[in-house]
Amino acid sequence: DLDRAIALFTEGLGVGPFLNVKFGHVEGDASFDDGAMPIEDYYLNGDYVGTYGIRMGAVTWDNGIQLELIEPMENRSLFRQYLDSHGPGPQHIAVSSPLTFQETLGAMAAAGNPLASMAKVDRAEDCAFVRHKPLGTDLEVQYRPPDYKLPEGEPPLVFPDRENVPAPLLSRLTGITFGVREIAPVLALLEGRYGIGPWTRSGPDCHGGTHAVCESLNLRLELVAPPEDGDESDVLADYLRCNGGNGIFYVTFEAPRGLAPALEGMERFGGKVAFRSEKSALVDLRELFGGFFRLDAAE
């Protein structure tokens, strides 16, 4: 439900404006097709599909990180497959590379990660998604020619509710934390094959869990693994079980005005506090987003 997902940010947290755009085509739905950016030459798992339809909301944070919220239409797409088989969740991360588009796809294939889909967006941009089972998410790779220009005109926007939330309650998306069953195979991929690192490892902690952290991709990346004989009711163990394995356990946001107002805004949209300390909180938003949000109070 894209409208509800955008509303959590704009109405509950005062974040925005959000782009509210459409991509592709839906057979027999002229209202969807009106104003939608073209998706063409779409291949999914090696099959030619042609096109698909999605609605997307997007906001760019102060540090340049963009968050996309995607509602797939009923026709066949990677996003529809994910939602039908998994439910809501963090489906992909877009990455840039010093290699060319084709070299990047080749390096990912050589690391054992298969191409899931490829399409031409807006008749100019090449867009590919590569499955990465060790991460539990896909990686998106794009190529735009040097002369590419964004569509002209004012894009459709959803603005924050400044009457009830005078200033943003979240200022930046600062980190991504992967919940994993074992850290070593993920580091072998990210650091050993892709050169993302260096990582600092720690643990076992007081609960027996292990951690690895690095600063890369303009974010704080973290891997967390539960103890082998840990409590099955633990929030991480429960996430891994419900998720069916590795995946993005939570994303971290900075809360410039403290935890209380941001938590109140999230609770209005079904968020449930799973953990809270003086400076941070973990909020269960699986019903809407398929994962957790972590809030860090600004220093």
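Refer to the structure presented above.
Since the structure is predicted, the reported quantities are computational estimates derived from the model, not experimental observations. (Residues numbered from 1 in each chain as written. Predicted model: local features only at pLDDT ≥ 70, side-chain atom pairs only at ≥ 80, totals over all residues. Heavy atoms only, no water.)

### Here we look at the overall build of the chain
Tallying secondary structure elements over the chain gives 8 helices and 18 strands in all. Relative to its length of 299 residues, the chain is compact, with a C-alpha radius of gyration of 19 Å against a globular reference of 19 Å. Seen along its three principal axes, the alpha-carbon backbone of the chain occupies a region of about 55 × 50 × 35 Å. Sorting the 299 residues of the chain into buried and exposed places 48% on the buried side. Contacts spanning at least 24 positions in sequence make up 59% of the contacts within the chain whose residues lie at least 6 apart. In the structure as shown, the chain presents an accessible area of about 15,100 Å², 51% of it carried by carbon and sulfur atoms. (Helix = DSSP H or I, 4+ residues; strand = E, 2+ residues; numbered from the N terminus. Rg over C-alpha atoms; globule rule 2.2 N^0.38 Å. Buried < 20%, exposed > 50% of the residue type's maximum accessible area, 1.4 Å probe, protein only. Contact = heavy atoms within 4.5 Å. Areas by Shrake-Rupley, 256 points an atom, 1.4 Å probe, with all protein chains shown as cover.)

### Quick notes on the environment of Leu44
Position of Leu44 among the secondary structure elements: in strand S2 (residues 39–44). A residue is classified by how much of its surface remains accessible, and Leu44, at 0% relative accessible area, is buried. In sequence terms Leu44 and Met118 are 74 residues apart; their C-alpha atoms lie 6.9 Å from each other. If near-sequence neighbours (up to four positions away) are discounted, Leu44 is found in contact with Val49, Arg76, Ser77, Leu78, Gln81, Ala116 and Ser117.

### Re the sheet that holds strand S7 (residues 115–121)
Strand pairing in a sheet relies on backbone hydrogen bonds, with the paired strands running either antiparallel or parallel. Reading across the sheet, the 6 strands line up as S3-S2-S7-S8-S9-S6 and stay open at both edges, with mixed pairing between neighbours. Across the chains shown, the open sheet's two edge strands, defined by having one partner strand only, are strand S3 (47–50) and strand S6 (92–94). Taking the axes of each pair of neighbouring strands and ignoring which way they run, one obtains an average angle of 20° across the sheet. The pairing of S6 with strand S9 (residues 137–143) spans 3 bridges and is classified as parallel. Of the residues in S9, the one forming a bridge with Ala94 is Glu140. Where helix H3 (residues 78–86) meets the sheet, its contacts fall on S2, S6, S7, strand S8 (125–132) and S9, and the angle it forms with S8 comes to roughly 30°. (Pairing = 2+ DSSP bridges. Axes fitted to C-alpha atoms, helices over the stretch in contact; angles between N-to-C directions.)

### What about the sheet that holds strand S1 (residues 18–24)?
Here 4 strands make up an open sheet; going across it, the order is S5-S4-S1-S10 and the pairing antiparallel. The strands lining the two open edges of the sheet, one partner per strand, are strand S5 (66–72) and strand S10 (157–158). In terms of strand pairing, strand S4 (residues 53–60) meets S5 through 7 bridges, oriented antiparallel. Note on S5: the bridge partner recorded for Val59 is Leu67. Of the strands in this sheet, S1, S4, S5 and S10 are in contact with helix H1 (residues 2–12), which crosses S1 at around 160°.

### Considering the packing of aromatic side chains
Centre-to-centre distance and the angle between the planes together describe a pair of aromatic rings. Under the defined criterion, the tally for this structure stands at 15 aromatic pairs. With 6.0 Å between their ring centres and 40° between their planes, Phe9 and Phe293 make a pair best called tilted. One end of the pair, Phe9, is in helix H1; the other, Phe293, is in strand S18 (residues 291–297), and 284 residues separate them in sequence. Taken as a pair, Phe9 and Phe293 share a single burial class, namely buried. Measuring from centroid to centroid gives 5.1 Å for Tyr43 and Tyr48, while their planes differ by 70°, and the two rings are edge-to-face. Looking at Tyr48, the relative accessible area reads 52%, which means it is exposed. (Phe/Tyr/Trp six-rings, centres within 6.5 Å; stacked < 30°, edge-to-face > 60°.)

### Brief notes about the pattern of salt bridges
For the structure on display, the rule yields 15 salt bridges. Of the charged contacts, one joins Arg80 and Glu74 as a salt bridge, the two residues approaching to 3.3 Å between their closest N and O atoms. Taking relative accessible area as the criterion, Glu74 reaches 67% and is therefore assigned exposed. In this structure, Arg286 engages Asp284 in a salt bridge whose closest nitrogen and oxygen atoms are separated by 2.9 Å. Taking relative accessible area as the criterion, Arg286 reaches 25% and is therefore assigned partly exposed. Taken together, the salt bridges that share partners define one network made up of Asp238, Arg241, Asp284 and Arg286. (Salt bridge = Lys/Arg side-chain N within 4 Å of Asp/Glu carboxyl O.)

### Quick look at unusual backbone geometry
Of note, the bond from Gly197 into Pro198 is cis; its omega dihedral lies within 30 degrees of zero at 5°. Relative to the helices and strands, Pro198 is located in the loop between helix H5 (183–193) and strand S12 (200–202). Between Gly203 and Pro204 the backbone carries a cis peptide bond, its omega angle lying at 5°. The residue Pro204 is located in the loop between S12 and strand S13 (210–216) in this model. Of note in this structure, Leu217 is not a glycine but carries a positive phi near 55°. On the basis of relative accessible area, Leu217 is assigned to the partly exposed category, the value being 37%. Of note, the phi angle at Asn218 is positive, near 65°, even though the residue is not glycine. Mapped onto the elements, Asn218 comes out in the loop between S13 and strand S14 (219–225). With relative accessibility at 52%, the residue Asn218 sits in the exposed group.

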